[in-house]
Amino acid sequence: SISEKYLIYLDVEKSFSIHTKEAYLQDLKAFLIFCQINEINYLEIDSFHVRSYFSKLGFESNLDKKSQRRKLSSLRSFYKFLFREEILKTNPIL
């Protein structure tokens, strides 16, 4: 599955600690739930969807800038992985 391959990518390519991997996976899960609730195909997102997600996060949970940056980094990593695996033709989060 994509999630299993992504975990391997985080482990091998990024050499992330277990805590970082867990945080990235939690961030990704939250984004995928956002996509599902809003009927957005996560393979078809664009910058508008990303801005909408972060706007919602900032408004509803008052996340600090550091947490927002990590969440953005998590999504960048995931979409970079999808692009590298040729699941996506372009990376929507650059």
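For the structure itself, consult the block above.
All of these numbers come straight from a predicted model, not from anything done at the bench.

K.L.:
Can you walk me through the side chain of Lys21 in this structure?
P.N.:
Its place among the elements puts Lys21 in helix H2 (residues 18–37). Judged by its relative accessible area of 13%, Lys21 falls in the buried class. A polar contact of 2.7 Å, which involves the side chain of Lys21, links it to the side chain of Asp11. Contacts of Lys21, omitting those with residues within four sequence positions, involve Leu10, Asp11 and Phe16.

K.L.:
Just checking my understanding: could you explain the packing of aromatic side chains for this structure?
P.N.:
Each aromatic ring pair is specified by the distance between its two centres and by the angle formed by the two planes. In the structure shown here, the tally under the stated rule is 12 aromatic pairs. Pairing Phe78 with Tyr79 gives two aromatic rings, centres 5.3 Å apart and planes at 80°, and the pair type is edge-to-face. Each member of the pair, Phe78 together with Tyr79, is buried. Grouping aromatic residues by their ring pairs yields a cluster made of Tyr6, Tyr9, Phe31, Phe34, Tyr42, Tyr53, Phe54, Phe78, Tyr79 and Phe81.

The rules behind these values
Residues numbered from 1 in each chain as written. Predicted model: local features only at pLDDT ≥ 70, side-chain atom pairs only at ≥ 80, totals over all residues. Heavy atoms only, no water. Helix = DSSP H or I, 4+ residues; strand = E, 2+ residues; numbered from the N terminus. Buried < 20%, exposed > 50% of the residue type's maximum accessible area, 1.4 Å probe, protein only. Polar contact = N/O pair within 3.5 Å; in protein donor to acceptor, adjacent residues only side chain to side chain. Contact = heavy atoms within 4.5 Å. Phe/Tyr/Trp six-rings, centres within 6.5 Å; stacked < 30°, edge-to-face > 60°.

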